[in-house]
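# Secondary and tertiary structure notes
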Amino acid sequence: MTSEGPKRAGKAKWAGRRRAMTRKSGFKAHFPVRFEIVNIDAVHLDTGHEMRFTFHLPDVDEGNRVGFGGWYYRSDQVEAAIVGPPERHVLTSHATPNWNKFGSQWVTNAAPTRSIELRLRARTAATVAVYALQCGIVEHEYLTTARPELLPNMWNFAPEGNFYRPSATGNVTLESDQELVRAEDVVTLHLKSCNRCGRLLPINTHNERAHLSFSNHCVADHRRPCQHPSFGRIQEESSRAVLDLEYGFQLECRFCKKFEVNAAHNPQRTSAQMKEDAQRRRSFELLLEHLYEGSDQLRYRHRTGSELANNVYSRFDGRCFKCSTPLATPTDMHLDHTRPLALPWPLDETATALCGTCNSSKRDRPPVDFYNPTELHDLSEITGIPLLELRDPSPNLQALEYLRSRANWFFDEFLSIPELQEVKDGKKAGDLLLKALDKALQRTPGGPPFTMATLRRDAEG
């Protein structure tokens, strides 16, 4: 079907033919989705005092995969820190009343790690609770049979990805510099089941974007609230109460989603399909260069005589902003559009230094959907972007207004340049750009000021 034919569902009128479906996972759900509400006893922590949870790993040979982790609740006045290796670990800091998670997994070397500490220190009087703290040898079929390229970032899937061998678990001890007293109130924790592995794992319902064990299902504004059964509406088995969610959660936990769904999809994609995202990104970059009459990176080089990447690397002290992993050189850094290119924000001096894993996790999300409140505040201080703007998931309205004011040029000239006429696997770069621009416009508060279809009609008017 050519672009002159009738409109396909979900496609712009001018978009090219839909590619053949190749994404079949070959897996079936094993368990019905359910949720439970449990009450967790909490303790009171006085001002200036500290709790230390020590994870004692079992003796293991070099080359074994080990891990530790769990979930914890703390008042906002509590500072959390992990002491000891490994260098790369998960430690979230979602605001109260949300729960947090921590942990890691790694392959042991000749000098294996013996213990790791989670320290919780109260700046003022606070409440603390923990859930499912564990450590030991981690075993799972996918961790030995999966493609090697899927395994380097497994630390980022702790603790929900830590499947401990029952016969090789370590122990966890607690020390405190005060006598611990049970808090008056218990803390509520919601657990949702994974329909692949069947485990009940923690989720946050106060702020569903404060991810724990599952990714969200309906994120786009026009798809919320999620109305899909088992995603956005989950029934408790005992009381039959229904949990209504704004974003909803995927059926599979993050571990099962990675290995049983995504890993099964990707090998079936053609090379042209794998390049589609890169083609779309390059189209956005070209558009912004034309709208702003040049590249911000080149302007920075001409103005300062140095490279933008070196400046960003220095401002973030050579570390990933999200997980604090050291980045040996600027070439090891992923230079992230702090506000995503898909919205469409240019890459300029407000860029963020991330490691490859965190950059992949962020994807095209705006800062407010990826960073916690403390991180947003720190990011504002480093990048100079006002905090209110970092909290705003809106698209770059200035760029979109530039586009509207130059509609004739966009349709008559820009879409005709060779790069936008390039076709790969039946997909024209210009068609992908049009669809992506419509998605960005949908993120405008109060609704899109225009669509690409109406803009074309006005230009042809």
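How each quantity is defined
- Residues numbered from 1 in each chain as written.
- Predicted model: local features only at pLDDT ≥ 70, side-chain atom pairs only at ≥ 80, totals over all residues.
- Heavy atoms only, no water.
- Helix = DSSP H or I, 4+ residues; strand = E, 2+ residues; numbered from the N terminus.
- Rg over C-alpha atoms; globule rule 2.2 N^0.38 Å.
- Buried < 20%, exposed > 50% of the residue type's maximum accessible area, 1.4 Å probe, protein only.
- Arc of directions from axis to C-beta.
- Contact = heavy atoms within 4.5 Å.
- Salt bridge = Lys/Arg side-chain N within 4 Å of Asp/Glu carboxyl O.
- Phe/Tyr/Trp six-rings, centres within 6.5 Å; stacked < 30°, edge-to-face > 60°.
- Polar contact = N/O pair within 3.5 Å; in protein donor to acceptor, adjacent residues only side chain to side chain.

### Thoughts on the overall build of the protein chain
Check the secondary structure of the protein chain and you find 14 helices and 20 strands. A compact globule built from 461 residues should have a C-alpha radius of gyration of about 23 Å, and the protein chain, at 24 Å, falls within 12% of that. Overall size of the protein chain, expressed as C-alpha extent along the three principal axes, is 75 × 55 × 45 Å. Within the protein chain, the proportion of its 461 residues that are buried is 49%.

### Overview of helix H6 (residues 308-315)
The set of residues buried in H6 consists of Leu308, Val312 and Tyr313. Down the axis of H6, the buried set is contained in an arc of 135°. They therefore lie on one face. Those residues of H6 hidden inside the fold are in contact with helix H5 (296-304), strand E17 (334-336) and strand E18 (352-354). Positive backbone phi, at 55°, marks Asp317, one or two positions downstream of H6.

### A look at the pattern of salt bridges
Counted according to the given criterion, the structure contains 25 salt bridges. Here Glu460 makes a salt bridge to Arg456, at a shortest N to O gap of 4.0 Å. Of this pair, Glu460 and Arg456 both sit in helix H14 (residues 452-460), 4 residues apart, which is roughly one turn of the helix. The class of Glu460 is exposed, set by a relative accessible area of 63%. Look at Arg456 and you get partly exposed, because its relative accessible area is 24%. A single network of salt bridges, built from pairs that share partners, joins Arg196, Glu252, Lys257 and Glu260.

### Quick notes on the packing of aromatic side chains
On inspection of all chains with the given rule, the structure shows 18 aromatic pairs. Where Phe163 meets Phe255, the ring centres are 4.9 Å apart and the plane angle is 55°; that geometry is what we call tilted. In this pair, Phe163 is assigned in the loop between helix H1 (141-145) and strand E10 (164-169) and Phe255 in helix H2 (residues 254-265), connecting sequence segments 92 residues apart. Plain terms: the ring middles of Phe410 and Phe411 are 5.0 Å apart, the flat faces sit at 80° to each other, and that makes the pair edge-to-face. Phe411 carries the same exposure label as Phe410, and that label is buried.

### Digging into helix H8 (residues 373-383)
Among all positions of H8, only Glu375, Leu376, Leu379, Ser380 and Thr383 are buried. For H8, the angular spread of the buried residues around the axis is 140°, confining them to a single face. Looking at the buried positions of H8, the neighbouring elements they touch are H6, E18 and helix H9 (387-390). One side-chain oxygen of the residue at the start of H8 lies 3.0 Å from the amide nitrogen of Thr374, identifying that residue as Asn372. The positive-phi residue at the C-terminal boundary of H8 is Gly384, with phi of around 85°.

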